[in-house]
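Residue-level structure breakdown
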Amino acid sequence: MSKKDQLSAIEKIKTESLGLRGSIVESLQDELTGAIREDDQALIKFHGMYQQDDRDRREERAAKKLDRLYSFMIRLRLPGGFLRSEQWLATHQIAGQHSTGVIKITSRQTVQLHGLIKSHIKPTIQTFNASKLDSIATCGDINRNVLCSSHPGESPIHAQVFAYADKISELLMPKTKAYYEIWLDEEKLIDKKEEEDPLYQDRYLPRKFKIAIAIPPNNDVDVFANDLGLIAVIEDNILKGFNIAVGGGLSTTHGNPDTYARLATVIGFTDTEEKTLKAIYEVLTIQRDYGNRSDRKLARLKYTIDKVGVAWFKKELEKRIGFQLADAKPIVLTQRVDHFGWKQNTAGKWFYTVLVENGRVLDTDQLALKTALYEVAKTGKSNFRFTCTQNLILSDIEEVDKQTVHDILEKFGVITHTEKSSAIRKNSMACVSLPTCPLALAEAQRYLPELISKIEPILEKYGLSEDGIVLRMTGCPNGCARSYVAEIGFVGTSMGKYNVHLGGDRQGERLNKIYRESLEEPEILQLLDLLLKEYSIEKKIGETFGDFSVRKEWITYA
Ligand code: SRM
Ligand code: SF4
């Protein structure tokens with residue numbers, strides 16, 4: 001077997017894991033280390049956790065000849081990003097008791113807690129479970145949290161579309177009961193037949209798999225960045241079905257030309273729930289059977305599709321589902337935004353979209369956001385919905401309760417923070433990066449707010465303060481804050497240095513491209529000053545910065 005065809009190490013770990021059990025139980029019992037065994041580190045991802053260490057403290061600990069400061073991050077499974085107020089209260093309490101205390105809203109509509117020590121993982125999962133929350137399959141080579149356009153009332157059939165996120169999540173859940181046995185102390189299964197998994201078998205997928213549902217005209221989910229995207233087709237306020245797009249994915253690796261970002265290709269339309277779910281399921285089986293299991297850098301569906309070709313892929317899909325996909329319907333995406341502040345939905349209920357900078361819910365000297373949300377949750381008058389740009393919607397609030405919620409938000413400065421923040425701050429996001437992300441090359445969420453404070457005066461100077469330019473930053477080229485579909489994307493190359501990408505459009509239908517490499521802050525600010533000046537003088541009416549960058553040929557597309 002040539003090296004190219006050799007299975008990657010993780011493939012063996014998966015197939016030999018006895019349904020994702022491995023030796024996790026033994027790893028947890030080992031009191032000599034805060035870490036778990038190497039093979040188990042791959043397996044706990046399927047249970048929604050990552051082993052990490054505090055990178056801020058690596059040098060200091062190494063100098064003292066101490067082990068790294070290991071801890072764990074846990075990510076919840078929340079299809080469509082929805083929590084009831086009592087579940088937010090539980091999350092708040094768990095965060096305080098077992099993690100760093102910060103609740104991190106992710107770019108895929110869920111929450112993460114960081115800094116759990118090994119002995120706290122089980123109690124954390126058990127307490128979440130008591131609130132009907134789990135972390136199954138939020139990481140690992142499997143279908144992840146399913147996204148759905150999060151704005152309540154964006155259309156009268158929003159709830160109908162939203163229900164698909166749950167259905168898809170259920171359809172694609174692994175059959176193994178390992179999670180319940182290991183973390184919730186449920187009895188071991190005797191009859192292993194119950195665990196037979198026709199979808200994932202014992203090898204799972206070659207790589208992570210991501211699904212999102214967009215409800216036009218808003219592409220707030222960045223539907224084309226997903227392995228599989230559904231775009232709701234709505235005519236006369238009736239859901240007619242979904243356009244299906246396959247093969248999106250953003251990650252690249254610096255210096256590896258074989259890796260690239262790709263937007264999903266629309267391959268057809270399905271009109272019934274049965275057909276839609278069948279098509280989704282079989283897209284996964286094709287990826288399971290044809291995805292690259294040797295090189296994990298080239299294992300996402302986007303590479304499989306480019307290897308076999310879109311036409312072949314569609315034909316194979318139609319063979320597996322037993323019907324032909326209809327032609328895709330025309331859809332129009334015009335925006336990719338969170339609607340901040342108070343809005344009323346089509347059923348007359350109120351919702352308030354809170355700006356949560358980079359998804360970090362915590363109390364600071366400037367803003368007591370975590371306390372405010374806790375107080376809102378205590379009233380039981382609001383649901384909590386997460387957006388795909390790491391913000392939060394307090395939703396489904398009755399007219400009679402609106403003032404109560406408003407008063408709490410006002411008291412803790414949340415209204416002022418949300419409404420007084422600049423358009424660019426509201427349209428920006430950054431990934432977690434340092435200190436927890438092991439792959440980070442540069443800062444992101446800890447740095448972006450400061451950088452934006454330096455970009456804001458430039459925008460003001462050129463009369464662009466109201467311009468909602470989409471700006472995103474990631475600490476490495478994996479693209480966790482989807483910087484490759486931003487109008488201005490910063491991608492970390494090393495500490496304090498970023499590639500600058502330009503040319504994404506406002507609605508997420510065009511990838512950006514590298515414009516300048518490895519710039520430091522003074523160079524970034526100087527560059528933006530020049531570009532934004534030109535934009536302010538020469539832009540046509542309604543022209544966005546991304547479109548202007550393309551028209552000016554600052555970057556070019558083949
Ligand atoms: Fe991500 C790996 C954080 C959305 C592409 N991502 C990681 C890890 C787990 C690092 C690791 O492998 O050890 C990061 C954990 C940091 C930490 O300390 O919390 C991490 N990714 C995140 C989150 C939390 C960023 C955020 O600030 O919101 C997002 C969690 C989403 C969720 O709730 O599931 C997150 N990651 C994304 C996205 C955006 C999206 O999906 O819409 C992408 C780009 C889209 C895509 O998948 O192509 C993304 N993350 C990656 C990749 C590259 C995958 C690839 O195709 O090669 C990695 C690295 C990997 O998997 O090997 C990665
Ligand atoms: Fe970590 Fe890179 Fe993802 Fe940022 S983009 S969270 S640095 S993997």
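Read on for an overview of the structure. (Residues numbered from 1 in each chain as written. Chains lettered and ligands numbered in written order. Predicted model: local features only at pLDDT ≥ 70, side-chain atom pairs only at ≥ 80, totals over all residues. Heavy atoms only, no water.)

1. Some words on the overall build of the protein
- Of regular secondary structure, the protein possesses 18 helices and 20 strands.
- Along the first, second and third principal axes, the C-alpha atoms of the protein reach 70 × 55 × 55 Å.
- Sorting the 558 residues of the protein into buried and exposed places 58% on the buried side.
- In the protein, once contacts between residues fewer than 6 apart in sequence are set aside, the share between residues at least 24 apart is 67%. (Helix = DSSP H or I, 4+ residues; strand = E, 2+ residues; numbered from the N terminus. Buried < 20%, exposed > 50% of the residue type's maximum accessible area, 1.4 Å probe, protein only. Contact = heavy atoms within 4.5 Å.)

2. Remarks on helix α10 (residues 301-308)
- Those residues of α10 that fall on the buried side of the exposure criterion are Leu301, Lys302, Tyr303, Thr304 and Ile305.
- Against β9 (238-246), α9 (273-290) and α11 (310-321) lie the buried residues of α10.
- Backbone geometry just downstream of α10 places glycine 309 in the positive-phi region, at approximately 95°.

3. Re the packing of aromatic side chains
- The final tally for this structure, using the stated rule, is 17 aromatic pairs.
- Centroid distance phenylalanine 490 to tyrosine 498: 6.5 Å. Interplanar angle 75°. Geometry classified as edge-to-face. Neither phenylalanine 490 nor tyrosine 498 differs from the other in exposure class; each is buried.
- Ring centres of phenylalanine 545 and tryptophan 554 lie 6.0 Å apart, and the angle between their planes is 50°; on these two criteria the pair is classed as tilted.
- Taking the relative accessible area as the measure of exposure, phenylalanine 545 reaches 0% and is therefore buried.
- Through a chain of ring-to-ring contacts, the aromatic side chains of Tyr515, Tyr535, Phe545, Phe548 and Trp554 assemble into a single cluster.
- The lysine or arginine in question, lysine 167, covers the ring of tyrosine 164, its NZ or CZ lying 5.0 Å from the ring centre.
- Stacked on the ring of phenylalanine 269, the Lys or Arg lysine 329 has its end atom at 4.9 Å from the ring centre. (Phe/Tyr/Trp six-rings, centres within 6.5 Å; stacked < 30°, edge-to-face > 60°. Lys NZ or Arg CZ within 6 Å of the ring centre and 35° of its normal.)

4. A look at the pairing of strand β1 (residues 49-53)
- Counting buried residues in β1 gives 5 out of 5 residues, a clear majority hidden from the surface.
- Taking every second residue as pointing to the same face, both faces of β1 are buried, with Met49, Gln51 and Asp53 on one and Tyr50 and Gln52 on the other.
- Two elements, β1 and strand β2 (residues 70-75), share 5 bridges in a ladder whose sense is antiparallel. Along β2, the bridge assignment pairs tyrosine 50 with methionine 73. (Pairing = 2+ DSSP bridges.)

5. Focus on the site of ligand 2
- Around ligand 2, the neighbouring residues are Cys431, Ser433, Cys437, Leu439, Ala440, Thr474, Gly475, Cys476, Asn478, Gly479 and Cys480.
- Of the residues belonging to the shell around ligand 2, the class tally is 6 nonpolar, 5 polar and no charged. (Near = heavy atom within 4 Å. Nonpolar A, V, L, I, M, F, W, Y, C, P; charged D, E, K, R; others polar.)

6. Section: the sheet that holds strand β12 (residues 350-354)
- Pairing within the open sheet is antiparallel, and its 5 strands lie in the order β3-β14-β15-β12-β11. Looking at which strands have only one partner, the edges of the open sheet turn out to be β3 (82-83) and β11 (341-344).
- Pairing of β12 with strand β15 (residues 392-397) involves 4 bridges; the strand directions are antiparallel. The partner of tryptophan 350 across the bridge, within β15, is isoleucine 397.

7. A few points about the side chain of serine 382
- Considering the arrangement of structural elements, one finds serine 382 in the loop between α12 (369-379) and β14 (383-386).
- In this structure the side chain of serine 382 is engaged in a polar contact, spanning 3.4 Å, whose partner is the backbone nitrogen of serine 395.
- Here serine 382 is in contact with Ser85, Val376, Leu394, Ser395 and Ile397, once residues within four sequence places are set aside. (Polar contact = N/O pair within 3.5 Å; in protein donor to acceptor, adjacent residues only side chain to side chain.)

8. Description of the packing of α12 against helix α13 (residues 399-411)
- It is at 9 Å that the axes of α12 and α13 come closest, and there the two elements cross at 160°. The orientation of α12 relative to α13 falls into the category roughly antiparallel. Between α12 and α13 the crossing geometry is right-handed. In contact with Ala372, Glu375, Val376 and Thr379 of α12, α13 contributes Thr404, Val405, Ile408 and Leu409.
- Residue classes in the contact of α12 with α13 are distributed as 5 nonpolar, 2 polar and 1 charged. (Axes fitted to C-alpha atoms, helices over the stretch in contact; angles between N-to-C directions. Parallel < 35°, antiparallel > 145°, perpendicular 65-115°, else oblique. Left-handed = near helix turned anticlockwise from the far one by under 90°.)

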